[in-house]
Amino acid sequence: MSCIIRLFAAVTATLLISTAMAATINVGPSGDYTTITEALQNAANGDEIVIAPGTYDEHVDLSAMSDVTVRGQNRDTTIIAIGAANDVNEGILLDGSTGIVIEDLTINMSADNGVDFRASIQAMNKSTFTARRVTMTGGGRSVSLFRGVDMTLQDCILSNVRRLEGLSAGTGSGIEIGSDEDWDATDAMPTTVHVENCQFINCERELFLNPYAVDIDPGTEEDLRPRSRFGDLTFIGCTFTGAHATLDIVNHMMTGQWAPGSEILFEGCHWSDWFGRLFSFDSFPTTDAPDRVIFRDCSFLGNTAASTNGSVLLLGYACPFVLENTVINAYAFESIYVQNQCRGLEVTHCTLSNRNDTVIGSRAVAVNPLVTIRNSLLFCPGGFTRPPVNSYGTVTNIAYNIDYSIVNSGNPADFESTVTVVRGGNYTHNVPDPNYIKFIAAANEDFANQEVDLHLMEDSPAIDTALGMGFDHDVEGLYRPQGPAPDMGAYEFDKGDTEPGPTPNAARHWVVF
């Protein structure tokens, strides 16, 4: 017992010494230093730099530092603003930096300093950091992650980044991830990202995964290898608005090398007012992929009128995709495009609409994916030659299994004749539904109408007719089910119940691909 007590005392003493050694350094007119650079030059690992309100035209270099906090006293008035005469690549640099915290300040990269790829924050070489309540605006990228980074963003704003003239892919990104390490390096660190309650506003590209492919055997075919390595990419409660991509892809998710067990998750995220193909999960240059990609409790409501080229979601990764409690209302070539290496799609409690002719399309699928649709609503206007679930080309090797769902299009065909379809006994096509009538009225009035309300109406046949699959809320957080059975689609009809009703199946249902 005495040994344990002595050990506890030694550990406590060490912690107290470490705490005592950590210093708070104030920056500002009446602080310990007047510049952030001076403060960092005199800081030690574990210190906290507190910055007074003001504008600081400084390159904040945290390279090789550990457990340092950089905190502004006021998010809106503590501003790191790189001026036109300051020819640096980023506002804040982390290079081999670990345990860094950046809080409560603004980084403004709007001034043209002649550096094309300038970023608000650039982190690289196995850096780990958290940014909270940070506004990043202007420049070519908000955050650039390079050669392995573990990043957390909380309550941040990433805004007004644009592709700069004459440059290749990768600029104009809210978040860009890449690496130029040897493609077969054994000590490379996958980049992991956790982004929570952040706003992406007017980013030309919101997310860009850059594979940094290398030709390992010039002159031969199919020898490109990605050098970038990715782990879990998680986005919770984020909003994305006003993305207008000049190259017509807003979120270019090119693939790379993925850590075992990794996944991409978007949960409670919302997109609006975009231009171009919103997501391209591109299997170039490799078939490596995460274990799965999930959109849960998400909404895609309203691209701009001129944005009919491309899909909302192009699914080309060699993995299964999952959509749960998700709503799409767009004017695009198709809402969802199943392509290339896609290993399957599960659609559950979704409301998917397109003011063009195709809700789900497919082409050139290299494998034999299964698309399973349950408890969902699919809408598109009638009068088109293509059915709402369409296939381009004669051979796409794709199969559909649909039940407890409604497809309304006014088209006599629901699925393209070249695909295999299993229709369950609780699936209906072109059934009278006031929701569809409302959708068509809005589409006829203005095909670019971004305000189409897809909530269920009182007489909808979707109410109380879905299969209980363990979902206890809808896309807006309303308890599900509100009646004896859940409702089809992403929205539960509000009957005023504040407690969840009985769910026939207690466990969430998963389809195994």
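One structure accompanies this document, and this report is about it. (Residues numbered from 1 in each chain as written. Predicted model: local features only at pLDDT ≥ 70, side-chain atom pairs only at ≥ 80, totals over all residues. Heavy atoms only, no water.)

So, about the pairing of strand β33 (residues 345-348). Of the two faces of β33, the one holding L345 and V347 and the one holding E346 and T348 are both buried throughout. The pairing of strand β30 (residues 321-324) with β33 spans 4 bridges and is parallel. Opposite L323, over in β33, you have V347 as the bridge partner. Sheet topology places β33 next to strand β36 (residues 370-374); 4 bridges connect them, and they run parallel. By the bridge assignment, V347 is partnered in β36 with I373. (Buried < 20%, exposed > 50% of the residue type's maximum accessible area, 1.4 Å probe, protein only. Helix = DSSP H or I, 4+ residues; strand = E, 2+ residues; numbered from the N terminus. Pairing = 2+ DSSP bridges.)

As for its position among the elements, A332 is in the loop between β31 (327-330) and β32 (334-339). A relative accessible area of 2% places A332 in the buried class. The spatial distance from the C-alpha of A332 to the C-alpha of R355 is 7.2 Å, given a sequence separation of 23 residues.

With that out of the way, let us pick up the nonpolar core. Formed by 104 residues in total, the largest nonpolar core has its most connected members in F129 and I175. F129 has contacts with L94, I100, I102, I121, A123, L145, V149, D150, M151, T152 and L153, leaving out every residue within four places of it along the chain. Counting 19 residues, the second largest nonpolar core, distinct from the first, contains V327, A442, I463 and V475. (Core = buried A, V, L, I, M, F, W, Y, C linked by side-chain atoms within 4.5 Å. Contact = heavy atoms within 4.5 Å.)

Here the focus is the pairing of strand β35 (residues 358-363). Counting buried positions along β35 gives 5 out of 6 residues, so the element sits mostly inside the fold. The pairing of β32 with β35 spans 5 bridges and is parallel. Pairing of Y337 across the sheet is with G361, part of β35. Where β35 meets strand β38 (residues 389-391), 3 bridges bridge the pair, whose relative direction is parallel.

It is worth spelling out the packing of aromatic side chains at this point. A complete count under the given rule lists 24 aromatic pairs for this structure. Their ring planes at 65° and their centres at 5.4 Å tell us that F281 and F321 sit as a pair that is edge-to-face. In this pair, F281 sits in strand β26 (residues 275-282) while F321 sits in strand β30, placing the two residues 40 residues apart along the sequence. For the pair F281 and F321, a shared accessibility class is recorded, and that class is buried. Just above the ring of W183 sits the side chain of R225; from NZ or CZ to the centre is 5.5 Å. (Phe/Tyr/Trp six-rings, centres within 6.5 Å; stacked < 30°, edge-to-face > 60°. Lys NZ or Arg CZ within 6 Å of the ring centre and 35° of its normal.)

Applying the stated criterion to the full structure yields 0 disulfides. The thiol of C350 is unpaired, and the distance to the nearest cysteine sulfur, on C298, comes to 9.5 Å. (Disulfide = S-S within 2.5 Å.)

This paragraph deals with unusual backbone geometry. The residue after R480, namely P481, is reached through a cis peptide bond having omega 0°. Secondary-structure assignment places P481 in the segment after α3 (434-445). A positive phi angle, near 60°, is found at R147, a position not held by glycine. Here R147 shows up in the loop between β11 (141-146) and β12 (149-154). Among the residues examined, R147 registers a relative accessible area of 22% and is labelled partly exposed.

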